[in-house]
Structure formats: structure tokens, C-alpha cells
Amino acid sequence: MSEENNQYTFENETYRKTYWHTCSHVMAQAVKRLWPEVKLAIGPSIDEGWYYDMDAPFAFTPEHLEQIEAEMRKICKEKLKLERFELPRPEALQLMEEKGEPFKVELINDLPEGEVISFYKQGEFTDLCAGPHLDSTGRIKGNALKLTACNAAYWRGDSNRETLQRIYGIAFPKKDELDAYLARIEEAKKRDHRRLGKELGLFMLRDEGPGFPFFLPKGMTLKNTLLDYWRKVHKKYGYVEISTPIMLNRQLWERSGHWDHYKNNMYTTVIDDVDFAVKPMNCPGGMLVYASEPHSYRDLPLRVGEIGLVHRHELSGALHGLFRVRCFNQDDAHVFMTREQMQDVIQETVRLFDEVYSVFGLSYTIELSTMPEDHIGTVEEWERNQDILKQAITAMGKEFVINEGDGAFYGPKLDFHLADSLGRTWQCGTIQLDSQLPERFELEYTGEDGQKHRPVMIHRVVLGSIERFIGVITEHFAGAFPAWLAPVQVKLLPVTDRAAEYAAKVSAQLDAQGFRVEVDSRNEKIGKKIREATLEKVPFMLVVGDRDMENGTVSVRRRSGEDLGAMSLEDFAALLGDEVKTMAIK
RNA sequence: GCUGAUGUGGCUCAAUGGCAGAGCAUCUCACUCGUAAUGAGAAGGUUGUGGGUUCGAUUCCCACCAUCAGCUCCA
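Per chain, residue numbering runs from 1 following the sequence as it is written. Ligands are numbered from 1 and chains lettered from A, in the order in which they are written. Under the rules for a predicted model, residues below a pLDDT of 70 receive no local features and side-chain atom pairs below 80 are neither given nor counted, while totals for whole chains, interfaces and linings still include all residues. Note: side-chain values were computed over all heavy atoms of the structure, leaving out hydrogens and water.

With an omega of -5°, the peptide bond between Leu300 and Pro301 qualifies as cis. Summarising the element assignment, Pro301 is placed in the loop between helix 11 (283-291) and strand 15 (302-311). With phi around 50°, Glu442 is a residue other than glycine that occupies positive phi space. Tracing the backbone through its elements, the reader meets Glu442 in the loop between helix 14 (437-440) and strand 21 (445-446). Not every positive phi belongs to a glycine, and Ala478 is a case in point at roughly 55°. Position of Ala478 among the secondary structure elements: in the loop between helix 15 (466-476) and strand 24 (490-494). Secondary structure elements are defined from DSSP: runs of H or I of at least 4 residues count as helices, runs of E of at least 2 residues count as strands, and each element is numbered from the N terminus.

So, on to the environment of Glu48. If you trace the backbone, Glu48 turns up in the loop between strand 2 (45-46) and strand 3 (49-55). The spacing of Glu48 and Trp20 is 28 residues in sequence and 8.7 Å in space, taken between C-alpha atoms. Pairs of N or O atoms are called polar contacts if they sit within 3.5 Å, as long as, within protein, a hydrogen donor faces a hydrogen acceptor (for residues adjacent in sequence, only side-chain-to-side-chain pairs). Within the local environment of Glu48, its side chain forms a polar contact with the side chain of Tyr181, the two groups lying 3.2 Å apart.

What follows deals with the domain arrangement of chain A. Bear in mind that the domain bounds are from an automatic or database domain assignment. In terms of domain boundaries, chain A breaks down into domain 1 (13-190), domain 2 (197-476) and domain 3 (490-582). Between the C-alpha centres of domain 1 and domain 3 the distance comes to 57 Å.

As a structural note, the neighbourhood of RNA strand B is formed by 53 residues, with Tyr154, Asp207, Tyr262, Asn523 and Arg547 the closest of them. We define proximity as follows: a residue is near a molecule or strand when any one of its heavy atoms falls within 4 Å of that partner. Each atom of RNA strand B within 4 Å of the protein belongs either to a base or to sugar and phosphate, the latter forming 50%. Within the side chain of Gln432, one N or O atom sits 3.0 Å away from a sugar or linking oxygen of RNA strand B. For RNA strand B, a phosphate oxygen lies 3.0 Å from a polar atom in the side chain of Lys528. Secondary-structure elements contributing two or more residues to the surface near RNA strand B are strand 7 (145-154), strand 8 (163-171), helix 7 (193-199), helix 17 (526-535), helix 18 (546-551) and strand 27 (553-558). Considering every element that reaches the surface near RNA strand B, the biggest residue donor is helix 17, with eight residues.

Right, here's the structure in full:
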């Protein structure tokens, strides 16, 4: 995906960003020409294009955007020079007040003392801006720019402040690059897991349960196959598996801290006059399991996995297909260990992540999230744990970026972000270091010295949410899952009714060998059956007709269209078995 | 939750202040066919829900629900 993102002929990123930034000024100028009453906020360049936030007394429509585009083209043709100038604070404030730009006035007021206050002027339009910019609006190719969307955004990202309108745009030095970009966006939409999920019969969402996905037979097969793999790979890494209740009483959630720190997102109910909450996380249940019997240092690290169904009340506007739901399965695990084992355990976990993600061909970026405002535990403890996470991945030669203040309330974490087909990243894996919950639940182990000690733990998920991960790989593979994952691996296509019985026999034989097989016994032409099986993205089609019956063969076709010709069923089973094995764990 | 848009048979989409239409899918019949759509016929809709305006609302207005784009949030 990243290759596709780098098709631009812009010389380099700095130039690209400068180009887009100047576009945002041209757009603001166009808007002010058309509707002088519109107030300007901020208009930066972004990874793909630019936006400008504005406050208008009316809502921008697609027609407005076309008008703005037309005016932008005019401004490009006018070849206006961009001139930078600086003003002392009082004059800068006076200029923006005269122009009636309250947001700019606020920005200037918030600039630190001594900061240079610079403006860029092009024709009649002047904007507060640090720059840099192109030297002329004539540098922008007017017919290779497009305003792509208009949406809401909060002033300064604060949901308590004004809601502004954000207009997004994209531009390239050449028209055909813009076309290629727009075509890529269209192509990415075809991979949307919500669309593919419907087309392939994987899952559905209903008004009756917003954010609570239904899995259909094919999606369920996919999910179970994924979980089979998960169990195998975790067994290999020394994990055991448990299952804890979906609902536990209030006392437990108070003890874990969730009642105080997470209550707004929890579904609660009253049973026999006692408050209960549906679990938003699996850890408290896992604590109870650990605490249910004494442990020796010899048992550590103790790796306890759980495919846990959790419910979280997300804001209605945040829901998004399988990517953001209110109920999902976490491929959770808690590893209990001594302080000395922390670094090893973290590294072992990262190696497990690498193994799993590489099976799917997914790349990731790592974020280290540090202490949030709402937290438990001391600052020293947090810093110590953050350092351990840093050291562990640095020693493995991995890069990370810091996400300040975004840790869980009980500890810092490493988040693994996987990219979807639109280049959006989704947090899937996470490793959270926690010395707070063991404290709260008074977990213990007996050390070599015969004394009781407190273990530390990590909370970790690899796939994250099974649901989200299915969404990510659906887009990643564009619905064409590798054979080991495909809900249907083989589709038998009898050419005529005469071959129906033979097809059923072949199907039964493959089924007995553990392959997932379907027979298309409809009275339809072979061309139609092939077309539909291809659209269903079934990896292998076996065409069987009179010739195959006579010779005891199957005629094999891949979903790519490749015709492998007739072969014996044994040969085909070997071929399929091989393909399945190369992808999955031994 | 906020701003804007959308909501029509299972799916994709038309249309209109005056009897709601197509393609695909479904069902029936014929065809028995060798690598991306055989033909004919039938059936299928209180136009998201609830109010209102109107002689008449699927269409106009209001509220709610859901979805979409984004913002905010996201253990």
C-alpha cells in the first residue's frame, strides 16, 4: 500500500507540503472572494492534500465546493505573487481585527512572547502564516486540484468550542496524477470491509443492535479459522487458555478501578439488588483466576490467554463497520512475571506479534503511550515502566513514536498500528505493562527465598479485536483470503447434471480430508458458475464434466483465472494441502 | 455526543405532491451446455419509525432511529 502512496511526481515531501499549503491559501482566498463574511481558522497541509477550517453562516454544499474550485483556478491564472512580511504583535492584531478574523486574533494572542509573527500576502488576500509557500499562485496547476470533502471540525480540536466547517482538497502538478489519485480512492472503496462483508456474506449490522455485529456462516468460518491459528501459535509460545464471565459485580469493578475510571463506557444492570457490569475488559476476571491458588516463582512467567467477549459503550458517531464496534472479542492474555522477567517477556511478546503479522503480510508502526492525566500509581512507577518498554523494543532494533498521555489508566503501553487500504491506521496489537492491578488484587507468588512477592503483569492482544482484525484483513486481501483462511477453499462446478453425483463424491472426499468445499449443483452454464465462484473469491474451482468422470480427474482453475488443467484428485489434494500449509503455522 | 448528508423489494439504483419502476438475486418452466452472465414466465414494496401540512405525502415540514463523511473520544 505504501508504494501506491508514493506515486506523486512531486520532487520531495517538503515541496509537496509547501505546494498543498499554498493551495490552502488559494482556497481561503477564493472563499473570501465569494463570501467575505466567512471567518478563517487554520489551513495546514496534511499527508494527502490540505484542509482549511472556516466558520460560515451557511453549510457548504458540493455546489459551493465547485464554485470555490472555479475561483481557485482563476487565482492560479492570475499568477499572484506570495509575499511574506512580519509585524509586531500590536500591528498584527490590528490587521486581523480590521479584517474581521476573530480566530486569527486568538491565534496571535496565544503565540508566545517574542515569537515572529509573519503573514503571507497574495493579491488582495493576506493570511497569518509561518510559511513557507510557493512564490506565485501561478505555480499551482489549476486543472489538477480538487476539493474532496467538507466536514465538521471543532475549533482547536475542542468539543466544547465552536464547530467549524473543514474543506479538504488535493492537488497535483499534473492532471493525470489527480485522476490516478481519485481512481485509487475509488479502488480503495471497493475494498471497504463493510461492502465486502456484505458481498461475501461474512457479517451484518442491523439497526436493532448498532455496533453489535452479527457473524454469518462464512464469516464465522473465517473467525474460527483465525482462532484455530491463534490457539496454535499461542500454544507454541507457552500460553494456557481460560474463559471468565461476561458479567461481574460492582465490587470487583471498584477494586479494579474500572468503576471509577471507565464507568461511562460500561453497560450495567442490577441483579437481586446488586449492581453488575458487563465486562469492558477481561483483566479483573483474570486476576481472580490468578489469585485462586498459590503460585511459585517456578511458574513464572505465567501466560494466560482468553478470547474474551467485551462490551464498551462507544459514542454513536464513532461506530464504523467492524473497525469500531460496541461488542467484540479480544484475543487477550495476561502474563504474570517477576520484575526481573519484564524485559524478556516483552521481547518474547513482540516476537510473537512479528510472527503473527508476518503470516498476514501486515506491516505495523509502534507507539509508546505514556501516563495519562487520569491514572493510578506513582509517577516514579510510571517512568520506570515506560523505560522498560522503551529499552525492550530499542534493544530489538525497532522504532517507535511517543504518544504522550495516551496510556491506559493503570500503565504505559506499546500500541501496534496496522494500516488499512485507505492508509488509515488501526490499533490492533497492544502490550500494556501493569504493576497496579497486581497491587489492587494483592497477587502473590512465593520466591526462591520462601517469601511472598508481588508479581507484575502485562495485558496484551495481538489481533486486538477479532472483529477489527477481520475488517483489516478483509481490506488487506480485498476479500481474496489466502487458501488457509478462505471460508470456502474449493468450489466444485459440475458442467451438467450428469456430473452432479461425481461432484458430490469428490466433494465428500475433500471434506473428509478437512478441506472446506462447496458444490454448485445449480442447472446453470459452466461460465456462469465460474463467474460467480470467482466473484465469491473462492481460491480453487474444480470443473467436472463427462471427460473428468471418464478419466477420474478434476479440472482445476484458480480464482486468478489461471487454468491448471485436469489432474487426479490426489494431486489436487496435495496441491491444496501444500498451499494451506505454506501460509499457516506448522 | 457534535456538524452535514443519506434512508425506496434480499442487493444495486430509478421516479414523482395524484395507481412506486429497472437490473441482479429468489421461484417455476425449457435448455444439459467444458472455463467470467442461456431464454421465457412468476412472485416480491404500508418508500427507516412516529407525528404534522394537504382533498391527496414515498415526495413538503418536525421529532426520533440508523447509516455515511469528518470532528471529538477510543483500555
